[in-house]
Amino acid sequence: MSQEGDDRPRPPVKLPSGRATIWRLRTRTLALPRRPLLMGIVNVTPDSFSDGGQFFDAESAVEHALQLVADGADILDIGGESTRPHAEPVSEREELSRVMPVVRRLIDSLEVPISIDTQKASIALAAIEAGAEIINDVSGLEGDPEMVDVAVATGAGICAMHMQGTPQTMQDNPTYSDVLREVHDYLRERRDALVVAGVERERICLDPGLGFGKASEHSLTLMSHCYMLHDLACPILVGPSRKSFLGKLPGDDQTDRTSDTIGAALRLSAQGVQILRVHDVRQVRQALQEVEATDAKDARFDA
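From a predicted model like this one, the values you see are computed outputs, not experimental measurements. (Residues numbered from 1 in each chain as written. Predicted model: local features only at pLDDT ≥ 70, side-chain atom pairs only at ≥ 80, totals over all residues. Heavy atoms only, no water.)

**Remarks on the overall build of the protein chain**
For the record, the criterion: Helix and strand labels come from DSSP, where a helix needs a run of H or I of at least four residues and a strand needs a run of E of at least two; each type is numbered from the N terminus. Buried residues are those whose accessible area, probed at 1.4 Å on protein chains only, stays under 20% of the maximum for their type, while exposed residues exceed 50% and partly exposed ones sit between those limits. The contact criterion used is simple: two residues touch if any of their non-hydrogen atoms lie within 4.5 Å.
What the protein chain contains, in helices and strands, is 8 helices and 10 strands. By the burial criterion, 52% of the 303 residues in the protein chain qualify as buried. Relative to all contacts within the protein chain whose residues are 6 or more apart in sequence, the contacts with residues 24 or more apart total 71%.

**Points about the side chain of His279**
Put simply, the test is: For this analysis, a polar contact is any N or O atom pair within 3.5 Å, provided that within protein one partner can donate a hydrogen and the other can accept it, and provided that sequence-adjacent residues contribute only side-chain to side-chain pairs.
In this fold, His279 is placed in the loop between strand S10 (275-278) and helix H8 (281-302). Exposure remark for His279: the relative accessible area of 8% places this residue in the buried category. In terms of polar contacts, His279 uses its side chain to reach the side chain of Ser241, at 2.7 Å.

**Overview of the packing of helix H5 (residues 179-197) against helix H6 (residues 216-224)**
Let me state the cut-off plainly: For helices, the fitted axis covers only the stretch in contact; all axes are lines through C-alpha atoms, and the angles between them, taken along N-to-C directions, range from 0 to 180 degrees. Any angle that is under 35 degrees is reported as roughly parallel, and any over 145 degrees as roughly antiparallel; angles of 65 to 115 degrees are reported as roughly perpendicular and all others as oblique. Handedness of each helix crossing follows the sense of rotation of the near helix against the far helix: counterclockwise by less than a right angle gives left-handed, clockwise gives right-handed. Amino acid classes used here: Ala, Val, Leu, Ile, Met, Phe, Trp, Tyr, Cys and Pro are nonpolar; Asp, Glu, Lys and Arg are charged; the rest, including Gly, are polar.
Contact geometry for H5 and H6: axes closest at 10 Å, N-to-C directions at 70°. The orientation of H5 relative to H6 falls into the category roughly perpendicular. H6 is crossed by H5, and the crossing has right-handed handedness. Here Val179, Leu180 and Val183 of H5 lie close against H6, whose contacting residues are His218, Thr221 and Leu222. Of the residues contributing to the contact of H5 with H6, the split by class is 4 nonpolar, 2 polar and no charged.

**Overview of the environment of Glu182**
If you trace the backbone, Glu182 turns up in helix H5. Overall, Glu182 belongs to the partly exposed group, its relative accessible area being 23%. Separated by 20 residues in sequence, Glu182 and His162 have C-alpha atoms that sit 9.6 Å apart. If sequence neighbours within four positions are ignored, Glu182 has contacts with Tyr176 and Ser177.

**Looking at the sheet that holds strand S8 (residues 204-207)**
Selection criterion: Two strands qualify as a pair provided DSSP detects at least 2 bridges between them.
The parallel open sheet is built from 8 strands, whose spatial order is S8-S7-S6-S5-S4-S3-S10-S9. Both edges of this open sheet fall to S8 and strand S9 (237-238), since each of them pairs with a single strand only. On the sheet, helix H1 (residues 58-71) packs against strand S3 (37-43) and strand S4 (75-79) and is oriented at approximately 165° with respect to S3.

**So, the nonpolar core**
So the rule is basically this: By nonpolar core is meant a set of buried Ala, Val, Leu, Ile, Met, Phe, Trp, Tyr and Cys residues that side-chain atoms within 4.5 Å join together.
Leu76, Ile78, Leu106, Ile135, Ile158 and Leu276 are the most contacted members of the largest nonpolar core, which has 63 residues in total. With 12 residues, the next largest nonpolar core counts Leu30, Leu37, Ile134 and Cys205 among its residues.

Okay, here's the thing in structure tokens:
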């Protein structure tokens, strides 16, 4: 075991071969370096699992989003419908009224790309027409039959997620014979179907959907093996932030999941995951920067 102050070199972490290095959005291309980009979460909802109601009005949501960017968010993800377990869907009209004032204000105020977190094609189209760059759909672009057409027509970057069931049913009894293989196969099939439909592969990002139709052991297994998704040759987005499965780790009885989220972020970063969707942007970025600085120091010994 290393002693305190030990400066002996460690071998540098190598990125997985086949890892995607760009993500093409509607009007720009994001470079995907070693350190993952951070997607800051802005839930304009009264009932999201972690921060529901905190930023429900447009003014507080915009203020929160601006703070996330100041804290280091590379992307902002705006959502107006909770996808927590057993959450009830909201109407198109209600979702539009929640997200569009926020999207318009942020487009006018910020340079970072805006992602719209929705399963409804009409919401995605309205946000993209207002200037959003990304469609983040937890249904894998399968929930609304018009969503793929919107993705093709707008040229938006898209994130397709794996979810067993729907938010209303996904945690009732999630069952897999091999969660790694089944999630990998689904994401491969969705990638291929989207490409056939006309979505350019460079615009597709894939998300294994931790906590979405997965028992805690399923999510922990996926989190430990995200490197296996790089052979899909698309950027990988993972959202471990504050999720309850992190509390299943031995000896963890905390209700504040910030430290758990940081640990998950570091583990995912070491596997080359390109985008992390998080609430606690400042804390996660600081931890990633510290690891990056340490790796740079160690690399000097190998020069």
